[in-house]
Amino acid sequence: MATALLWLAIVATLPLYAQQQKEHTLGSLWPKVEENYPGVGAKTSAIDAAKFNQRAVKGNMLPQVIAQAQNTYGTYEGSAGAFFPQAGFFNVSGSAVPLDGSYTAANTFGSAILQWEVFSFGKLRKQNEAAGALYDKSVSDKDAYLLNLKKTLSERYIGLLYNDAKLQWTEKNAERLDDIRKITSGLSASGLRPSADSLLAASSYVQAMGERDKWFGFKNAAYIKLLELYGNDTVNYTASTNRFGNPAENDLNKVNTNNPTHPILDALHKQSEYYTLSGEAQKRSSLPSINLLGGYAYRGTGISPNGTVSGAWKDGFNNTTNNFLAGIGITWNLTSLHTNRMKGEQLFKEAESTKLLQSQYQQAMQADLSALQAKIIQQYEQLQKTRLAVRQSQDAYNMYLARYKSGLITLSELLQIRILLEQAENAHIEASRDYWVLLAYEAELTADFDFLFNNL
């Protein structure tokens with residue numbers, strides 16, 4: 001029974017352990033980065049701002065209501081003749097009866113004007129469409145930013161693994177040189193080796209420790225840069241250190257084609273649409289507007305119907321009159337015919353420039369994808385060869401170390417063999433870094449980070 005319970009416990013914990021190991025990948029960092037990085041929040045706020053702008057533009061299609069209320073105290077001198085009306089005001093004829101009493105009077109006035117642009121020759125509709133295109137562009141801008149942020153996260157994670165591999169490489173070199181130093185010290189003490197060999201081994205060991213200190217600082221700096229994106233105090237990358245030098249096999253023979261819905265291309269397309277619709281709205285602004293008008297005015301004054309004037313403030317609410325106005329009007333700014341047309345043509349040229357820029361990006365991305373595919377294939381081949389070279393160099397070094405212990409070769413010969421091993425290990429680390437960087441660049445061009453996030 002105890003054995004059965006033990007096996008059940010092992011079977012139950014294995015999937016959990018496997019799941020925890022699987023979570024420690026580059027992809028496990030991304031949800032945290034996307035949730036907490038301030039740059040993502042800035043793009044989200046820009047989308048919200050564009051949404052509010054779209055609603056505000058739609059509000060221009062609703063009737064506009066203007067209300068005012070005032071209470072004044074002043075003179076009431078008047079003169080006969082016409083006046084030039086301004087928008088929102090209408091004339092009310094009054095009595096010309098001579099006035100007696102105070103030279104000043106209090107007045108109360110309140111009015112409300114309703115103006116509804118019922119026909120604008122498509123101007124408001126184009127403005128609404130341009131606002132919608134601006135909102136779509138802000139969404140595409142966020143997608144393009146997230147794509148670039150994924151690449152930045154990948155590059156910093158690869159940089160951390162590269163510096164960590166360099167640190168482990170220098171530590172291995174230091175351990176090997178420490179073993180040589182100890183062996184040489186024993187042989188020198190027994191008189192089998194000259195004292196110079198002991199000093200040379202010690203010097204090589206000290207140099208290796210200095211190199212180790214340098215890469216320790218580089219690794220810490222790369223770790224800090226990664227935490228700037230991740231936001232937490234720690235990142236578990238131990239499972240990725242082995243995958244860094246032993247990458248999973250990728251489909252190297254696949255043919256990558258440019259994705260027309262790539263976020264960068266889509267953002268440029270939306271920007272071109274926005275310029276085009278804004279240009280059409282700008283040109284239509286030169287056309288007239290037809291408005292329905294309605295108004296109501298309330299007025300009180302200290303001047304009585306018989307012409308007596310009261311200077312008391314409270315009498316400014318007496319002798320009230322009520323007036324209303326209803327009608328239809330047309331407004332046409334003739335001066336803007338030329339300027340709005342020029343502004344519209346400018347926006348059309350901006351749209352054309354953005355469209356050409358989109359075509360340029362599309363051609364460049366396709367060329368880069370084709371070139372990357374050739375590079376990745378050869379880089380993977382180099383990686384396999386450097387891994388084999390490291391294994392062979394390690395075996396050769398162990399053989400020469402045994403011969404050195406037996407006194408068959410000199411210290412200088414052993415150190416030369418160690419340098420060859422060191423070079424082979426360093427070449428494998430460099431090849432691993434270059435391979436993953438190429439995959440990150442390919443993932444950005446294809447907007448597909450699945451393989452990189454799940455296998456590193």
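See the structure above.
The model shown is predicted, which means the values in this text are computed figures rather than measured ones.

Caption draft 1: Quick look at the pattern of salt bridges. Applying the stated rule across the entire model yields 18 salt bridges. In this structure, Asp 178 engages Arg 181 in a salt bridge whose closest nitrogen and oxygen atoms are separated by 2.5 Å. Of this pair, Asp 178 and Arg 181 both sit in helix H4 (residues 123-189), separated by 3 residues, roughly a single helical turn. The exposure class assigned to Asp 178 is buried, which follows from its relative accessible area of 14%. Taking relative accessible area as the criterion, Arg 181 reaches 25% and is therefore assigned partly exposed. Each of Lys 166, Glu 430, Arg 433 and Asp 434 takes part in one network of salt bridges that share partners.

Caption draft 2: Molecular detail of the side chain of Ser 204. Within the secondary structure, Ser 204 is located in helix H5 (residues 195-230). Among residues more than four places away in sequence, those in contact with Ser 204 are Leu 177 and Leu 415.

Caption draft 3: Structural context of the packing of aromatic side chains. Taken as a whole and assessed by the stated rule, the structure comprises 9 aromatic pairs. An aromatic cluster is built from Trp 30, Phe 449 and Phe 453, whose rings are joined through pairwise contacts. Over the aromatic face of Phe 216 sits the side chain of Arg 212, whose NZ or CZ is 5.1 Å from the ring centroid. A cation sits over an aromatic face here: Arg 433 above Tyr 162, 4.3 Å from the ring centre.

Caption draft 4: Examining H5 more closely. In a regular helix each residue adds 1.5 Å, so 36 residues correspond to 52 Å; H5 covers 52 Å between its end C-alpha atoms and thus fits that length. For H5, the full list of buried residues reads Asp 197, Ala 201, Ser 204, Ala 208, Trp 215, Lys 219, Ala 222, Tyr 223, Leu 226, Leu 227, Leu 229 and Tyr 230.

Caption draft 5: Region of the structure containing the packing of helix H7 (residues 263-284) against helix H8 (residues 336-405). Here H7 crosses H8 at 165°, and the two axes come no closer than 8 Å. Judged by the angle between their axes, H7 and H8 are roughly antiparallel. As H7 runs across H8, the sense of the crossing is left-handed.

Caption draft 6: Representation of a nonpolar patch on the surface. Where nonpolar side chains cluster on the molecular surface, the patch consists of Trp 116, Leu 292 and Ile 328 and spans about 310 Å² of accessible area. If you trace the backbone, Trp 116 turns up in strand S3 (residues 104-119).

Caption draft 7: Spatial organisation of the environment of Asp 315. The topology assignment puts Asp 315 in the loop between strand S5 (308-309) and strand S6 (321-331). When the C-alpha atoms of Asp 315 and Ala 105 are compared, they prove to be 8.3 Å apart, with 210 residues separating the residues in sequence. Residue contacts for Asp 315: discarding those within four places in its chain leaves Thr 301, Gly 302 and Ser 310. A distance of 3.3 Å separates a polar atom in the side chain of Asp 315 from a polar atom in the side chain of Lys 314.

Calculation notes
Residues numbered from 1 in each chain as written. Predicted model: local features only at pLDDT ≥ 70, side-chain atom pairs only at ≥ 80, totals over all residues. Heavy atoms only, no water. Salt bridge = Lys/Arg side-chain N within 4 Å of Asp/Glu carboxyl O. Helix = DSSP H or I, 4+ residues; strand = E, 2+ residues; numbered from the N terminus. Buried < 20%, exposed > 50% of the residue type's maximum accessible area, 1.4 Å probe, protein only. Contact = heavy atoms within 4.5 Å. Phe/Tyr/Trp six-rings, centres within 6.5 Å; stacked < 30°, edge-to-face > 60°. Lys NZ or Arg CZ within 6 Å of the ring centre and 35° of its normal. Expected span 1.5 Å × (residues − 1). Axes fitted to C-alpha atoms, helices over the stretch in contact; angles between N-to-C directions. Parallel < 35°, antiparallel > 145°, perpendicular 65-115°, else oblique. Left-handed = near helix turned anticlockwise from the far one by under 90°. Patch = residues over 30% accessible without salt bridge, like charges linked within 9 Å, V, L, I, M, F, W, Y side chains within 5 Å. Areas by Shrake-Rupley, 256 points an atom, 1.4 Å probe, with all protein chains shown as cover. Polar contact = N/O pair within 3.5 Å; in protein donor to acceptor, adjacent residues only side chain to side chain.

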